[in-house]
Amino acid sequence: MRLDKFLKVSRIIKRRSVAKEIADQGRILINDRTAKSSTDVSVNDQIVIKFGNKTLTIRVDALLETTKKDDAERMYTILSEDYAKDFRK
């Protein structure tokens, strides 16, 4: 499955066009390698996504073509969620 489609179906990023834009800017790594939007995602891949201040690291658990909102969380496991600066304090 393509990276941009996985991010949309799993609801990590809400729009496929936004997922494509982030990937093509070099802000997503799959198994420590820079990924483009067309990069194939496999089960057990580790994906690191840099959203401005936040860095999200996930492991791919399942690849589903379509999901309901409740099933989307079964597609991945969050390994870490780090912030460069915590603005909540």
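Conventions and cut-offs
- Residues numbered from 1 in each chain as written.
- Predicted model: local features only at pLDDT ≥ 70, side-chain atom pairs only at ≥ 80, totals over all residues.
- Heavy atoms only, no water.
- Helix = DSSP H or I, 4+ residues; strand = E, 2+ residues; numbered from the N terminus.
- Buried < 20%, exposed > 50% of the residue type's maximum accessible area, 1.4 Å probe, protein only.
- Arc of directions from axis to C-beta.
- Contact = heavy atoms within 4.5 Å.
- Core = buried A, V, L, I, M, F, W, Y, C linked by side-chain atoms within 4.5 Å.
- Pairing = 2+ DSSP bridges.
- pLDDT = per-residue confidence, 0-100.

Caption draft 1: Representation of unusual backbone geometry. With a phi angle near 50 degrees, asparagine 31 is a residue other than glycine that sits in the positive phi range. Here asparagine 31 is to be found in the loop between strand E1 (28-30) and strand E2 (33-34).

Caption draft 2: Highlighting helix H2 (residues 16-24). Buried within H2 we find Ala19, Ile22 and Ala23. Looking straight down H2, one finds that the buried residues subtend no more than 100 degrees of arc, so they occupy a single side. Summarising the contacts, the buried residues of H2 are in contact with helix H1 (3-9), E1 and strand E3 (46-51). Phi turns positive one or two residues past the end of H2, at glycine 26, with a value near 80 degrees.

Caption draft 3: Highlighting the nonpolar core. Membership of the largest hydrophobic core comes to 21 residues, with the highest contact counts inside it found for Leu3, Phe6, Leu7, Ile12, Ile28 and Ile47. Counting residues per element, the ones that place at least two in this core are H1, H2, E1, E3 and strand E4 (54-60). At four residues, the largest contribution of residues to this core is made by H1. Here isoleucine 12 is in contact with Phe6, Leu7, Ile49, Phe51, Leu56, Ile58 and Tyr76, once residues within four sequence places are set aside.

Caption draft 4: Seen up close, the sheet that holds E3. Read from one edge of the open sheet, five strands run E2-E1-E3-E4-E5, paired in antiparallel fashion. With one partner strand each, in any of the chains shown, E2 and strand E5 (76-83) form the two edges of the open sheet.

Caption draft 5: Up close: the environment of aspartate 24. Structurally, the position occupied by aspartate 24 is in helix H2. Using a relative accessible area of 39% as the deciding quantity, one classes aspartate 24 as partly exposed. Once the C-alpha coordinates of aspartate 24 and aspartate 82 are considered, the two residues, 58 residues apart in sequence, prove to be 22 Å apart. Non-local contacts of aspartate 24, meaning those with residues more than four positions away in its chain, are made with Lys36 and Ser37.

Caption draft 6: Expanded view of the confidence of the model for the protein chain. In this model, the protein chain carries an average pLDDT of 90, and 97% of its residues clear a pLDDT of 70 or more. Ranking the helices and strands of the protein chain by mean pLDDT puts E1 first, with 94, and helix H3 (residues 69-72) last, with 84.

Caption draft 7: Here's a closer look at the environment of glutamate 73. Along the chain, glutamate 73 falls in the loop between H3 and E5. The exposure class of glutamate 73 is exposed, given its relative accessible area of 61%. For the pair glutamate 73 and arginine 11, spaced 62 residues apart in sequence, the C-alpha separation works out to 8.1 Å.

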